[in-house]
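# Remarks on the overall topology
The chain contents come next:
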Amino acid sequence: MAANFWTSTQRAHWQLTREKIADMRKGLDEEDTNKGLGLAYPLPEHKQLQLYFHHCLQRLARRLQLRQQPLATAETYLKRFYLKVSIRDTNPYLMLSTCVYLACKMEECPQHIRSVVNEARALFQEFIPQDIAKLAECEFHLISELNSYLIVHHPYRTLMEVQVPLKLSTDEIMAAWSFLNDSYITDLILLYPPHTIAFTTIFLAVFVRPAIHTQANLNASGSTALGMGAAAGAGGSIVQPSAGQSVAVSAASGINPQNLSSARLSQMSEWFAESGVEMEAIIECTQEMISLYDAWETWTDKVCRESVARLIRGRQLS
Amino acid sequence: MSATANPSASSSLANATAVRRTLPFGNGNGNNTPLPAMMAENGDVKPSKDDSDASDNDDPDDLNTRTKKKYTKDRKLGEGAYAVVNLGHRRATATEAAVPVAIKKIKVNTEFRDGLSMDAIREVKYLRELHHPNIIALLDVFSSKNQNLCLVLEFLDSDLEMIIKDSSLTLSMADVKSWMLMSLRGLWWCHKSFILHRDIKPNNLLLSASGVLKLADFGLARSFSDPYRPMTSNVITRWYRPPELFYGAKFYSSAVDIFSLGLVFCELMLRTPFLPGNTDLHQLELICQALGTPTEENWPGVTSLPGYHEAGVHVKERGTDFFMNTFIAAGESGVELLMKMIRLDPRRRCSAREALNANWFSQEPYPTQPVNLPKKGGGKGIEKVGSDLKRKAGELFNTPDDAGRGKKLARKLDFGG
């Protein structure tokens with residue numbers, strides 16, 4: 001973290017409205033259509049692509065052993081970039097590798113350009129040019145398109161800060177943390193200040209999850225993808241697997257939600273009520289998250305992978 | 001079909017910024033004709049012909065072009081490891097007169113193509129967010145031909161090092177106080193924003209024409225580390241580096257900047273670097289001799305720093321008497337502040353905020369008003385920027401008096417002609 005969110009360029013220039021985002025995307029789409037690209041290279045719906053890019057970024061980050069923070073910064077860069085430049089004019093794999101490369105420098109954990117390219121090639125093979133100059137060039141464009149506003153304020157810090165005063169259990173923090181990781185698939189970071197997103201994930205972890213949890217136990221589908229468990233609690237240094245395909249994931253962490261006393265819940269709701277956080281925004285964020293998990297249920301990467309490959313091959317962008 | 005619809009590597013290299021959204025992904029697929037160069041010699045851009053929606057405010061490249069068009073490049077001022085600095089000016093508009101600026105063109109490492117250097121990234125990153133009268137202002141960023149990132153900085157024509165070295169100037173304690181006050185304000189703002197400068201030294205403290213001091217060069221700056229995340233100890237120019245960094249401390253704080261500024265304070269009074277070490281070891285020796293040898297008594301925990309080694313010299317940590325002897329001119333309260341800034345134990349150094357509250361600043365002699373501060377004089381100490389700059393700078397900025405004289409002179413010549 002550096003500088004102050006309230007005076008930051010993030011707040012001044014990169015906190016948008018849903019309408020604005022929709023407009024920007026529509027503008028890019030129309031331009032593509034005019035150029036005849038839209039028809040020639042159909043792409044899946046935006047949400048689908050966002051899920052796909054999120055997965056790609058996460059795989060790359062894991063190969064590079066990144067912490068969550070640089071990954072989150074990279075995701076934010078990619079989102080910002082694709083609001084200004086059409087996906088069809090880029091090689092998305094090269095672009096997301098560039099975001100990771102720049103984010104690492106920004107978050108003071110620089111990776112050598114060569115190792116980013118190598119790891120990216122291991123994942124995306126021929127779609128990543130071997131020549132590191134391509135990625136360097138791409139970095140330059142990324143910075144230009146971002147108007148060199150590079151500091152991103154993330155919700156993770158708020159989450160850690162309120163852990164003690166809100167008496168959040170390790171279990172709750174872990175759940176909130178993985179909700180937070182998933183929130184980067186959505187546009188939330190472009191829409192809301194970081195603390196609002198942080199409180200949304202706490203809200204989800206404390207109030208929404210136990211309800212789903214009970215259901216999940218019935219379905220006995222709880223114990224997937226729980227590698228995240230201990231590590232996230234212990235300071236969460238390496239990129240964690242996300243909450244996975246369903247909210248149910250958090251179930252496996254072993255604490256029975258029924259133990260949550262109603263006293264605790266009322267204490268929390270009292271806190272939310274008195275805190276002055278905008279509940280309306282939190283509800284909106286919650287809805288966004290739930291619709292993400294909805295979309296995730298039916299999502300497969302095949303369609304995205306194929307259409308992106310067709311795009312890159314067709315336009316000779318690799 | 002317009003040429004821009006087909007990105008190609010060759011055209012994107014040459015015209016990356018003039019052509020809308022031509023991204024460097026293309027392989028050059030044969031049917032591309034290279035685009036005509038759209039840049040004029042002086043870095044100005046002629047409007048691209050097929051830029052059909054130039055009125056679209058959201059278009060990044062148009063924004064870039066518009067930004068670029070606001071400035072002209074005049075002349076080269078100097079060249080650093082990763083940047084070329086040019087003098088330029090913002091074109092006069094209907095409402096504003098032309099303003100001189102420094103345009104720092106970041107060199108993309110052409111040999112290794114290794115991406116932008118960390119220095120450049122850091123400078124952009126922090127100056128984009130920091131706005132304070134005592135921190136150099138980043139006015140704009142634009143990209144130029146050949147993919148260079150250009151930072152438009154406010155133009156500051158001298159620095160504190162020039163002043164210190166200019167033996168024709170007499171610096172009063174009120175002047176020193178004024179510079180210290182402004183430096184501390186800038187530093188306070190950095191620290192308040194969780195940013196360490198990590199290269200405080202006289203030639204990074206720049207002075208505007210009206211005498212205002214501004215922190216510059218954020219190439220080594222970084223945000224405070226998260227707890228338990230190590231930082232490199234290999235920062236800060238040796239003469240201003242605090243002892244904990246020589247001992248390899250990986251977890252340090254804003255106290256490193258305070259120590260550096262404390263040594264600048266000494267230098268302002270002595271008019272020569274206080275601790276000019278030749279090597280790191282020599283530097284540590286000088287610190288021990290001047291300030292005292294770090295021990296567990298005066299600095300609990302020092303012996304467990306990773307690079308700690310026992311110093312050859314054993315000097316008791318200096319007390320008020322020593323500093324009073326050396327820096328008598330600062331007076332009691334000045335010496336008190338100085339000692340708090342250059343304590344051996346970083347935890348016992350004062351913060352920028354505490355330093356600003358020091359009695360010294362509210363006592364007579366009061367800090368000199370920036371406009372009345374000594375300016376670099378007739379020719380000494382400017383050689384490093386070049387005589388060319390000196391003459392030009394003298395024309396552009398001087399004290400109001402000088403500017404008036406210049407005008408008169410010009411008029412005289414006009415009449416004479």
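Going along each chain's sequence as written, the residues are numbered from 1 onward. Throughout, the order in which chains and ligands are written sets their labels, letters from A for the former and numbers from 1 for the latter. With the structure being a predicted model, the display of local features is reserved for residues of pLDDT at least 70 and the display and counting of side-chain atom pairs for 80 or more, all residues being used for whole-chain, interface and lining totals.

### Concerning the overall build of chain B
Stated formally: Put simply, DSSP H or I for four residues or longer makes a helix, DSSP E for two residues or longer makes a strand, and each gets a number counted from the N terminus. To sort residues by exposure, count the other C-beta atoms lying within 10 Å of each residue's C-beta; 20 or more gives buried, 12 or fewer gives exposed, and values between give partly exposed, all with C-beta atoms placed from the backbone. Here contacts are defined at the residue level, using C-beta atoms placed from the backbone and a cut-off of 7 Å between them.
Each helix and strand in chain B was counted, giving 14 helices and 10 strands. When each of the 417 residues of chain B is scored for burial, the buried share is 43%. Within chain B, contacts between residues separated by at least 24 positions form 61% of all contacts whose residues are at least 6 apart in sequence.

### Things to note about the overall build of chain A
Within chain A, the secondary structure is distributed over 16 helices and 0 strands. Every one of the 318 residues in chain A was classed for burial, and the buried ones make up 48%. For chain A, contacts bridging at least 24 residues in sequence account for 82% of all contacts bridging at least 6.

### Thoughts on the pairing of strand E2 (residues 83-90) of chain B
All names here are of chain B. We apply this condition: Note: two strands are recorded as paired if DSSP finds a minimum of 2 bridges between them.
Two strands pair when backbone bridges link them, and strand E1 (residues 71-79) and E2 are joined in this way by 7 bridges, in the antiparallel orientation. Following the sheet pairing, lysine 76 is matched in E2 by asparagine 86. Relative to strand E3 (residues 99-106), E2 runs antiparallel, the two sharing 8 bridges. Each bridged residue has a counterpart across the sheet, and for arginine 90 the counterpart in E3 is valine 99.

### Here's the deal with the sheet that holds E1 of chain B
All names here are of chain B. Short version of the rule: To obtain each axis, a line is fitted to C-alpha atoms, and for helices this fit is confined to the stretch in contact; angles are then taken between N-to-C directions over 0 to 180 degrees.
Ordered by their spatial adjacency, 5 strands build an open sheet running E1-E2-E3-E5-E4, and the pairing between neighbours is antiparallel. Every interior strand has two partners, whereas the edge strands, E1 and strand E4 (138-144), have only one. Averaged over all adjacent pairs, the angle separating strand axes in this sheet is 30 degrees, with direction ignored. Contacts between helix H3 (residues 118-127) and the sheet are confined to E2, E3, E4 and strand E5 (148-154), with E5 contributing the most and set at about 45 degrees to the helix.

### Thoughts on the domain arrangement of chain A
Residues and elements named next belong to chain A. In plain terms, the rule: The domain limits used here are those given by an automatic or database domain assignment. Side-chain classes follow a simple rule in which Ala, Val, Leu, Ile, Met, Phe, Trp, Tyr, Cys and Pro form the nonpolar group, Asp, Glu, Lys and Arg form the charged group, and the remainder, Gly included, forms the polar group.
Looking at chain A, the domain boundaries give domain 1 (5-152 + 301-314) and domain 2 (156-298). Going through the elements one at a time, helix H2 (18-34), helix H4 (46-63) and helix H5 (68-84) are the ones with two or more residues in the side of domain 1 that touches domain 2. Among the residues forming the side of domain 1 that touches domain 2, the class breakdown is 9 nonpolar, 8 polar and 7 charged.

### Notes on the sheet that holds strand E9 (residues 213-215) of chain B
All names here are of chain B. Taking strand neighbours across the sheet as the criterion, the 3 strands line up as E6-E8-E9 in an open arrangement whose pairing is antiparallel. Since the sheet does not close on itself, it has two edges, and those belong to strand E6 (158-159) and E9, each with one partner. In the sheet, strand E8 (residues 205-207) pairs with E9 via 3 bridges, with the strands oriented antiparallel. By the bridge assignment for E9, leucine 206 is matched with lysine 214. Seen against the sheet, helix H5 (residues 173-192) touches E8 and E9 and runs at an angle of roughly 30 degrees to E9.

### Points about the pairing of E4 of chain B
It is a general feature of regular strands that their side chains alternate between the two faces of the sheet. Residue and element names in this part refer to chain B. The buried count for E4 comes to 5 of 7 residues, which makes it a mostly enclosed element. Relative to E5, E4 runs antiparallel, the two being bridged by 6 bridges. Directly across from phenylalanine 142, in E5, lies its bridge partner cysteine 150.

### A few points about the nonpolar core
Test applied: Among buried residues, those of type Ala, Val, Leu, Ile, Met, Phe, Trp, Tyr and Cys that are joined through C-beta atoms within 7 Å form a set called a nonpolar core.
Counting residues in hydrophobic clusters, the biggest one holds 169 residues, and the most contacted among them are Cys99 and Val100 of chain A together with Leu338 and Met341 of chain B. Ranked by the residues each element gives to this core, the list is headed by helix H6 (residues 92-106) of chain A, at 11 residues. Excluding residues that lie within four positions of it along the chain, leucine 338 of chain B makes contacts with Gly262, Phe265, Cys266, Phe323, Phe327 and Ala330 of chain B.

### Some words on the packing of helix H7 (residues 113-124) of chain A against helix H8 (residues 132-145) of chain A
Residues and elements named next belong to chain A. Put simply, the test is: Each angle receives one of four descriptions, namely roughly parallel if under 35 degrees, roughly antiparallel if over 145, roughly perpendicular if within 65 to 115, and oblique otherwise.
Running from N to C, H7 and H8 point in directions that differ by 105 degrees, and their axes come no closer than 10 Å. As the angle between them shows, H7 and H8 are arranged roughly perpendicular. Two secondary-structure elements touch here, H7 through Ile113, Arg114, Val116 and Val117 and H8 through Ile132, Leu135 and Ala136. Considering only residue class, the contact of H7 with H8 consists of 6 nonpolar, no polar and 1 charged.

### Topic: unusual backbone geometry
The residue after glutamate 364 of chain B, namely proline 365 of chain B, is reached through a cis peptide bond having omega -5 degrees. Note on placement: proline 365 of chain B falls in the loop between helix H12 (359-362) and helix H13 (387-396). Phi angles above zero are rare outside glycine, and glutamate 108 of chain A is one such case at about 60 degrees. Within the fold, glutamate 108 of chain A resides in the loop between H6 and H7. For glutamate 108 of chain A, a count of 18 C-beta atoms within 10 Å translates into the label partly exposed.

### Concerning the confidence of the model for chain A
All names here are of chain A. So the rule is basically this: The pLDDT score gives, residue by residue, the confidence of the prediction method on a 0 to 100 scale.
Residues of chain A with pLDDT of at least 70 account for 82%, and the chain-wide mean is 81. Looking across chain A, the model is least confident in helix H13 (residues 228-233), with a mean pLDDT of 34, and most confident in H5, with 94. The low-confidence segment residues 240-257 (pLDDT under 50) makes 53 contacts with residues lying over four places distant or belonging to another chain.

### Considerations on H6 of chain A
Residue and element names in this part refer to chain A. Applicable threshold: By definition here, a helix of n residues has an expected span of 1.5 Å times n minus one.
Between its first and last C-alpha atoms H6 spans 21 Å; for 15 residues at 1.5 Å apiece the expected length is 21 Å, and the two agree. Counting buried residues in H6 gives 15 out of 15 residues, a clear majority hidden from the surface. Positive phi appears at glutamate 108, one or two residues downstream of H6, with a value of about 60 degrees.

### Details of the confidence of the model for chain B
Residue and element names in this part refer to chain B. Counting all residues, the mean pLDDT for chain B is 76, and 72% of those residues have values of 70 or more. Long-range and interchain partners of residues 1-60, a stretch whose pLDDT sits below 50, account for 98 contacts in this model, where long-range means more than four residues apart. For residues 378-417, every residue scores under 50 in pLDDT, and the model assigns this stretch 23 contacts once sequence neighbours within four places are set aside. Two numbers describe this predicted complex: its pTM, 0.76, and its ipTM, 0.75.

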